[in-house]
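Chain residues, written in single-letter form:
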Amino acid sequence: MDYISITNLSKKFEGNGQIVPALQGINLTLSRGEFACLLGPSGCGKSTLLNAVAGFIQPSSGEIVVDGRPVIEPGPERGVVFQEYAIFPWMTVYRNIAFGLEIQGSSATETAGRVDALLDKLGLREFRDRFPKDLSGGMRQRVAIARLLAIDSPVMLMDEPFGALDALTRRTLQDELLRIWRESGKTILFVTHSIEESLYLANRIVVMTYRPGTIKHDQTVTMEYPRDPAGVEFNELKRELGRLVMEEQERHTRDEMKMV
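Quick look at the structure, then.

Time to look at the pattern of salt bridges. Across all of its chains, the model carries 22 salt bridges by this definition. Asp120 is the partner of Arg125 in a salt bridge, and the nearest nitrogen-oxygen pair spans 3.0 Å. You can call Arg125 partly exposed: its relative accessible area is 34%. The exposure class assigned to Asp120 is partly exposed, which follows from its relative accessible area of 47%. Notably, a salt bridge pairs Arg243 with Glu240, separated by 2.6 Å at the nearest N-O pair. Here Arg243 and its partner Glu240 are both found in helix H7 (residues 232–259), three residues apart, which amounts to about one turn of the helix. Taken together, the shared-partner salt bridges connect Lys216, Glu240, Arg243, Glu247, Glu248 and Arg251 into one network.

Right, dumping it as structure tokens:
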């Protein structure tokens, strides 16, 4: 059965006397346990679509259903990680990770056990009493992921979570995310503008067109893990996806030139 179902989804934003069509006629289904990347140039509606699945914004038309229930607002079954390290600066690492469990009413014993296990799993044990200002960007993102895992959301929605990190830290966290995904069987919808990142992580890549965002191409990726970015199949797919994305980038550039 389809675990996430998006049907005829469109979204328009209004402001300053203008109507901007961000998404148009999106039809997409994900199976339970799938790792799908939304790929495309800036302005193609990737984050808008992710935020609609999260329940942060309402579509202008169409429907999103997750595990048989229509999405009308945010919910604990859909956890979100952003690029901007959305953790509380006034809380320690431990308190940040424990926050969602406390809101859910978990006992102190249950919370402590879950948080301690995540501190070990994500290499945060020695930072448990530190505040976010004392952490590197990579460590802050580990905390954000740990906080999401603490509440055990079956769906992980990730909006360019590694985009601001250096290459080495990014690869380390990509490998950590793949390990978590394979161990947990969670369903992941991941936004990126990096073709290589999408090929390294996902078993499905959805390429979106420039505004209004529609689905241009839906690519199943069957390469075994771990994937080799220097491999022949990896680079063949990289070239093909690059061609598709560049077509949309060039269309964007042409549209901007017409407006000058």
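Now that the structure has been shown, the text picks up again.
Judged by nonpolar contacts, the single largest core of 51 residues is most densely connected at Phe35, Ile97, Leu124, Phe190 and Leu199. Top element by residues in this core is helix H4 (residues 137–150). It accounts for eight residues. If near-sequence neighbours (up to four positions away) are discounted, Phe190 is found in contact with Phe35, Ala36, Cys37, Leu38, Met158, Pro161, Phe162, Leu177, Glu197 and Leu201. In this structure, Tyr3, Leu30, Leu49 and Ile57 belong to the second largest nonpolar core, which totals 26 residues.

This brings us to the environment of Leu237. Tracing the backbone shows Leu237 in helix H7. Apart from the residues within four sequence positions on either side, Leu237 is in contact with Leu199, Gln219, Val221 and Met223.

Summarising the sheet, strand E9 (residues 204–208) and strand E10 (residues 215–220) pair through five bridges and their orientation is antiparallel. Each residue of the ladder has a partner; that of Met208, found in E10, is Ile215. Hairpin connection, E9 to E10: the antiparallel pair is bridged by six residues.

For the rest of this paragraph, the subject is the environment of Gly231. One can find Gly231 in the loop between E10 and H7. Judged by its relative accessible area of 19%, Gly231 falls in the buried class.

Let us look at unusual backbone geometry. With an omega dihedral of -5 degrees, the bond running from Arg211 to Pro212 counts as a cis peptide bond. Within the fold, Pro212 resides in the loop between E9 and E10. The backbone phi angle of Asn8 is positive, close to 50 degrees, even though this residue is not glycine. Judged by relative accessible area, Asn8 falls into the partly exposed class, the value being 47%. With phi around 50 degrees, Asp67 is a residue other than glycine that occupies positive phi space.

Within the fold, Gly100 resides in helix H2 (residues 93–103). Measuring from C-alpha to C-alpha, the distance between Gly100 and Lys133 comes to 21 Å, with 33 residues separating the pair along the chain.

We now examine the sheet that holds strand E4 (residues 61–66). With antiparallel pairing, the four strands of this open sheet are ordered in space as E2-E1-E4-E5. Of all the strands in the sheet, just strand E2 (18–31) and strand E5 (69–70) have a single pairing partner and so form its edges. Pairing between strand E1 (residues 2–15) and E2: 10 bridges, direction antiparallel. Within E2, the residue paired with Asp2 across the bridge is Ser31. Along the sheet, helix H1 (residues 46–54) makes contact with E1, E2 and E4, crossing E1 at roughly 115 degrees.

Here is what the cut-offs are and how they apply
- Here the residue numbers are simple positions, counted from 1 along each chain's written sequence.
- For a predicted model such as this one, the threshold for reporting local features is a pLDDT of at least 70, and the threshold for listing and counting side-chain atom pairs is 80 or more; totals across whole chains, interfaces and linings nevertheless cover every residue.
- Derived side-chain values reflect all non-hydrogen atoms in the structure, with water molecules and hydrogen atoms excluded from consideration.
- The working definition used for a salt bridge is a side-chain nitrogen of Lys or Arg within 4 Å of a carboxyl oxygen of Asp or Glu.
- The cut-offs for exposure are 20% and 50% of the maximum accessible area for each residue type, with area from a 1.4 Å probe on protein chains only; residues under the lower value are buried, those over the upper are exposed, and the others partly exposed.
- Helix numbers and strand numbers start at the N terminus; a helix is a DSSP run of H or I with at least 4 residues, a strand a run of E with at least 2.
- Among buried residues, those of type Ala, Val, Leu, Ile, Met, Phe, Trp, Tyr and Cys that are joined through side-chain atoms within 4.5 Å constitute a nonpolar core.
- Residue contacts are defined here by distance: any two heavy atoms, one from each residue, within 4.5 Å place the two residues in contact.
- Pairs of strands are assigned from DSSP output, requiring at least two bridges between the strands.
- Between the N-to-C directions of two axes lies an angle of 0 to 180 degrees, each axis being a line fitted to C-alpha atoms and, for a helix, fitted only over the stretch in contact.

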